[in-house]
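# Structural characterization, general
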Amino acid sequence: MSDIDNKNKEINEFLNKSYEYGFTTEIESETIPPGLDEEVVTLISKMKNEPEFLLKWRLKAFNHWKKMPQPDWAKLSIDPIDYQAISYFSKPKNDDGPKSLEEVDPKLLETYEKLGIPLHERAKLAGVAVDAVFDSVSVVTTFKDKLAEAGVIFCSFSEAAIDHPELIEKYLGTVVPVKDNYFAALNSAVFSDGTFVYIPKGVRCPMELSTYFRINEAKTGQFERTLIVAEEGSYVSYLEGCTAPMRDENQLHAAVVELVAHKDAEIKYSTVQNWYPGDEDGKGGIYNFVTKRGDCKGENSKISWTQIETGSAITWKYPSCILRGDNSTGEFHSIALTNNLQQADTGTKMIHLGKDTKSKIISKGISAKSSQNTYRGQVTMSKGAKNSRNFTQCDSLLIGSNAGAHTFPSIDVMNSSSILEHEATTSKIADEQLFYCMQRGISEEDAIGLIVSGFCKEVLNELPMEFAVEARALLQVNLEGAIG
Amino acid sequence: MAKILSIKDLHVDVASTPIINGLNLEIESGETHAIMGPNGSGKSTLAKTIAGHPDYKIKSGEITYMDHDLNDLPIEERSNLGVFLGFQYPIEIPGLSNTAFLKAAINAKRKYNGLEELSASDFLIDLKEKSKMVEIEQKFLSRGVNEGFSGGEKKRNEILQMLMLEPTLSILDETDSGLDIDSMKVVASGVNAFRNENTSSLIITHYERLLNYITPDYVHVFHNGVIIKTGDIQLAKDLEKRGYEWLTNP
Ligand SMILES: Nc1ncnc2c1ncn2[C@@H]1O[C@H](COP(=O)(O)OP(=O)(O)OP(=O)(O)O)[C@@H](O)[C@H]1O
Ligand SMILES: [Mg+2]
């Protein structure tokens with residue numbers, strides 16, 4: 001009950017605010033000049049003291065990428081991106097990697113405060129370990145000791161490459177191969193940093209793990225790389241949240257996330273994405289092209305994706321599950337909200353390979369103003385996926401009459417014992433619902449926020465409680481001016 | 001006694017059709033007025049016009065609530081000033097819990113009046129007590145607003161909202177329609193609990209039955225968007241026996 005109260009309070013606080021994270025931290029940066037060739041790829045690897053195998057891997061990816069055409073099949077209209085105009089590495093000066101909190105540049109901490117991530121308090125109070133990424137370099141990692149006790153590895157990707165090369169070499173690219181798609185190949189070549197999580201056999205990670213990504217430097221693309229490995233019988237819940245300062249130029253964000261769940265392991269991966277969406281006229285904003293995929297490798301393993309996508313000018317993202325292990329489970333819970341001229345093309349792929357595998361897809365799309373919101377999903381039941389099941393529910397909510405909602409579900413069934421169910425609805429916020437709320441004293445904007453959070457309830461309930469508050473607040477902020 | 005609502009020569013159009021045609025009505029604090037009248041005579045139109053529904057256009061005349069010209073006020077402000085409408089057809093808001101909805105409404109009103117938000121515990125104590133009064137079980141409160149509620153449950157939920165929001169003027173549009181006898185008693189006791197010298201009610205009903213539990217000070221007969229006769233409870237009893245013919249078509 002009190003969480004509901006908190007949520008409402010937060011919603012009210014966020015009311016009538018415009019994008020409030022539009023500030024820039026004035027810290028000198030080391031930035032590689034714009035451009036991309038083998039030399040730049042090598043330089044990135046060298047600056048990070050990476051082992052040789054990783055450099056080779058990057059170069060292989062780069063050579064694939066050079067030959068690939070940019071995809072244009074998504075229901076998005078994208079201005080051509082000039083990849084030679086982007087700088088591929090940027091990090092705050094005087095910072096060669098994670099430090100203890102005391103050593104951190106106070107300006108950085110101040111930035112996080114403004115973003116609502118008071119590290120020292122929040123981390124302690126909520127029991128959340130935060131690995132904060134400022135531009136490309138992990139600045140600080142908290143709670144590492146406690147995690148280390150449990151044998152959990154939670155560190156920046158760069159650290160992991162040096163401290164745990166055998167794990168990186170074993171798993172990197174096994175779920176999202178370098179050739180997988182254009183943006184994944186680009187990421188593989190130039191990824192700057194990210195997060196590595198390793199949960200040993202039988203361990204239940206003692207706390208929620210969380211990373212906040214943030215773009216700061218102008219004209220730098222962010223290429224995060226996240227790898228989570230859950231050994232047999234382990235459990236981890238991980239949350240990634242993002243905000244970015246206001247920029248006039250579009251910024252590219254091309255992340256790759258790979259999850260590996262062994263026998264009886266479970267990974268819960270939640271995202272609250274609030275990149276800058278651009279202004280009312282569609283100027284500025286982040287291009288968010290992300291490849292997220294989980295491999296349910298072992299029997300009875302489970303991977304669930306929960307995402308709240310409210311930001312970015314363009315979102316192109318399909319967190320997917322490969323249900324390899326028998327009796328494994330994949331879930332996708334999504335809220336995608338678009339306003340003004342935002343475009344979102346998101347969904348999931350559930351690839352059933354093992355017997356008795358189950359997948360569930362709950363997608364809630366909300367589109368306001370002239371925005372376009374597309375659900376694109378694929379469910380494949382392979383020959384061997386006997387007695388597998390999928391349930392898909394796709395709901396769209398339209399606000400105003402210019403917004404668009406599109407649903408492209410695709411199914412591919414190669415055996416006769418699998419069962420698929422699909423439900424889809426499209427609704428509008430009814431004027432009578434607004435009138436009802438307003439008659440009870442609630443302003444129109446708050447009323448829209450409440451109705452939308454009701455529409456999204458099933459997905460919001462999947463989020464760790466402390467983040468559900470933030471998610472509701474973000475929905476409210478991003479719906480600002482949706483009517484009228 | 002203070003004047004709560006004063007309607008003078010009101011003309012209202014709906015979809016370019018005149019529905020209210022020169023209505024006059026005065027309600028003082030502490031008074032309970034009942035409005036009866038044939039289907040389509042404009043009763044709900046009056047209720048929604050007072051509440052500020054955008055489809056109901058005031059062509060001429062005035063509605064004064066306390067010292068405010070209601071025509072100038074946004075919907076939510078009317079509510080925050082103490083105007084409550086119990087809907088004839090309460091709408092469903094899927095997924096939004098009744099509790100969250102009520103809390104938002106109460107805090108909106110408190111904010112408007114420069115008050116702090118109600119603490120979660122005070123809110124819950126109040127909610128528990130009042131939901132008991134209208135016999136709404138706790139488990140209903142965590143369900144979506146009116147989501148899957150039966151007709152009678154929806155009406156009792158309207159009374160619960162009224163009790164929680166503590167309005168000054170309560171307009172109840174056929175809150176008794178479709179209720180079984182026990183539910184009707186519950187609704188009536190809710191309305192009576194709300195009644196005091198500072199509050200007023202405008203009760204739209206088709207049945208004299210309710211008025212036996214909530215004794216109104218006045219009974220008005222509505223026809224073609226005007227009041228054609230005013231009396232007391234006896235008028236309601238006559239209508240029950242004789243119908244509207246003798247008044248509308250004498
Ligand atoms: N939104 C609307 N659009 C068009 N006509 C409307 C609208 N609302 C009301 N009307 C018309 O206005 C007239 C009065 O309707 P109203 O709902 O006020 O009647 P009522 O007295 O409440 O009737 P009942 O006893 O059946 O509830 C009716 O003819 C109705 O069809
Ligand atoms: Mg009516």
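Everything in this summary refers to the structure shown in the same document. Just so we're clear, the structure is a prediction, and the values are computed from it rather than from any experiment. (Residues numbered from 1 in each chain as written. Chains lettered and ligands numbered in written order. Predicted model: local features only at pLDDT ≥ 70, side-chain atom pairs only at ≥ 80, totals over all residues. Heavy atoms only, no water.)

### Some words on the interface of chain B and chain A
The line we're drawing: By the convention used here, residues are in contact when the closest approach between their heavy atoms is within 4.5 Å. Note: buried area is the sum, over both parts, of the accessible area (probe 1.4 Å) each one loses when the two are combined. Salt bridges are defined by distance alone: a side-chain nitrogen of Lys or Arg within 4 Å of a carboxyl oxygen of Asp or Glu. Each polar contact in these results corresponds to two N or O atoms within 3.5 Å; when the atoms are within protein, one needs to be able to donate a hydrogen and the other to accept it, and residues that are neighboring in sequence are counted only if both atoms are side-chain atoms. To qualify as a helix, a DSSP run of H or I must reach at least 4 residues; to qualify as a strand, a run of E must reach at least 2; elements of each kind are numbered from the N terminus. Classification convention: Asp, Glu, Lys, Arg as charged; Ala, Val, Leu, Ile, Met, Phe, Trp, Tyr, Cys, Pro as nonpolar; all other residues, Gly among them, as polar.
With 36 residues of chain B in contact, the opposing surface of chain A contributes 23 residues. Buried surface at the junction of chain B and chain A, both sides included, amounts to about 2600 Å², of which 65% is carbon and sulfur. Looking only at chain B, the three residues that lose the most surface to chain A are Glu76(B), Phe87(B) and Ile91(B), adding up to 19% of its buried area. Taken together, the links from chain B to chain A amount to one salt bridge. A salt bridge links Arg440(A) to Glu158(B), with the shortest nitrogen-to-oxygen separation between them at 2.7 Å. At the junction of chain B with chain A, the criterion picks out 13 residue pairs in polar contact (both at pLDDT 80 or more). When contributions to the side of chain B that touches chain A are tallied by element, the ones reaching two or more residues are α1 (43-51), α2 (75-80), β6 (83-86), β7 (93-97), α3 (98-112), α4 (120-133) and α6 (151-165) of chain B. Residues of the side of chain B that touches chain A, tallied by class, amount to 21 nonpolar, nine polar and six charged.

### Focus: the pattern of salt bridges
All names here are of chain A. What counts is decided by this rule: Buried means the residue's accessible area, taken with a 1.4 Å probe over protein chains only, is under 20% of the maximum for its type, while exposed means over 50%, and partly exposed covers the values in between.
Taken as a whole and judged by the stated rule, the model has 21 salt bridges over all chains. As a salt-bridge pair, Lys-263 and Asp-264 come within 3.8 Å of each other at their nearest N and O atoms. By relative accessible area, which is 33% here, Lys-263 ends up partly exposed. Lys-364 is the salt-bridge partner of Asp-395, the closest N and O atoms lying 2.9 Å from each other.

### Some words on the site of ligand 1
All names here are of chain B. Selection rule: Throughout, the term near means that a residue has one or more heavy atoms lying within 4 Å of the molecule or strand in question. Only the protein chains shown count as cover for residues, and the accessible areas themselves come from Shrake-Rupley with a 1.4 Å probe.
Gly-40, Lys-43, Ser-44, Thr-45 and His-206 are the nearest of the 15 residues found near ligand 1. In this structure, an oxygen atom belonging to ligand 1 sits 2.5 Å away from a side-chain N or O atom of Thr-45. One nitrogen or oxygen atom from the side chain of Glu-174 is found 3.2 Å from an oxygen atom belonging to ligand 1. With the chains in place, 64% of the 630 Å² that ligand 1 exposes on its own is no longer accessible. Of the residues belonging to the shell around ligand 1, the class tally is five nonpolar, eight polar and two charged.

### Some words on the sheet that holds strand β3 (residues 32-36) of chain B
The strands making up a sheet associate through hydrogen bonds between their backbones, and the pairing can be parallel or antiparallel. All names here are of chain B. Basically, it comes down to this: A strand pair is defined by DSSP finding two or more bridges across the two strands. Convention adopted: a line fitted to C-alpha atoms gives each axis, helices being fitted over their contacting stretch, and angles between N-to-C directions are expressed from 0 to 180 degrees.
Strand order in the open sheet formed by six strands is β6-β9-β10-β3-β11-β12, with mixed pairing between adjacent strands. Where the open sheet ends on each side, the last strands, each with one partner, are β6 and β12 (226-231). Between one strand axis and the next, the sheet turns through 20° on average, direction left out of account. Bridge count between β3 and strand β11 (residues 218-223): four bridges; the pairing is parallel. Across the sheet, the residue bridging to Ile-35 is His-220, located in β11.

### Examining the coordination of the magnesium ion (ligand 2)
In an ideal tetrahedron of four donors about a metal, each angle is 109.5 degrees. In an ideal octahedron of six donors, the angles are 90 or 180 degrees. Residues and elements named next belong to chain B. What counts is decided by this rule: Note that water is not among the atoms considered, so a metal site may appear incomplete; the donors listed are N, O and S atoms within 2.8 Å of the metal, with 3.2 Å applied to Na, K and Ca.
Every protein donor of the magnesium ion (ligand 2) is accounted for by Ser-44 (OG) and Gln-88 (OE1), and the metal-donor separations fall at 2.0 to 2.2 Å. Residue Ser-44 is found in helix α1, and its partner Gln-88 is found in the loop between β6 and β7; the two are separated by 44 residues along the sequence. Relative accessible area serves as the criterion here: at 22%, Ser-44 is assigned to the partly exposed category.

### Overview of the packing of aromatic side chains
Our working rule: Pairs were defined over the aromatic rings of Phe, Tyr and Trp, the Trp ring being its six-membered one, requiring ring centres within 6.5 Å. Orientation was assigned from the angle between planes: stacked under 30 degrees, edge-to-face over 60, tilted for the rest.
Scanning the entire structure with this criterion turns up 18 aromatic pairs over all chains. Note on Trp65(A) and Tyr182(A): the rings are 5.5 Å apart at their centroids and 45° apart in plane angle, and the pair reads as tilted. Of this pair, Trp65(A) sits in helix α3 (residues 52-67) while Tyr182(A) sits in helix α9 (residues 182-190); the two residues are 117 residues apart in sequence, bridging distant segments of the chain. Look at Tyr436(A) and Phe101(B): their rings are 5.7 Å apart centre to centre, the planes differ by 15°, and that puts the pair in the stacked class.

### Considerations on the nonpolar core
As a reminder of what qualifies: Working definition of a nonpolar core: buried Ala, Val, Leu, Ile, Met, Phe, Trp, Tyr and Cys residues. They are joined through side-chain atoms within 4.5 Å.
Among the nonpolar cores identified, the biggest contains 97 residues, and Ile308(A), Ile366(A), Val452(A), Ile7(B), Leu46(B) and Ile50(B) are the most heavily contacted of them. Ignoring anything within four residues of it in the chain, the contact list for Ile308(A) reads Thr271(A), Val272(A), Gln273(A), Ile335(A), Val459(A), Leu460(A), Leu463(A), Ala471(A) and Leu475(A). Ranked by size, the runner-up nonpolar core spans 50 residues in total, among them Val40(A), Leu54(A), Trp65(A) and Ala185(A).

### Overview of the sheet that holds strand β2 (residues 17-28) of chain B
Residues and elements named next belong to chain B. Spatially, four strands are ordered β2-β1-β4-β5 in an open sheet, and the strand pairing comes out antiparallel. In this open sheet, the two edge strands, each paired with only one partner strand, are β2 and β5 (68-69). Relative to β2, strand β1 (residues 3-14) runs antiparallel, the two sharing nine bridges. Its bridge partner lying in β2, Asp-13 is registered against Pro-18. Sheet strands in contact with α1 are β1, β2 and β4 (56-65), and its direction is about 110° off that of β1.

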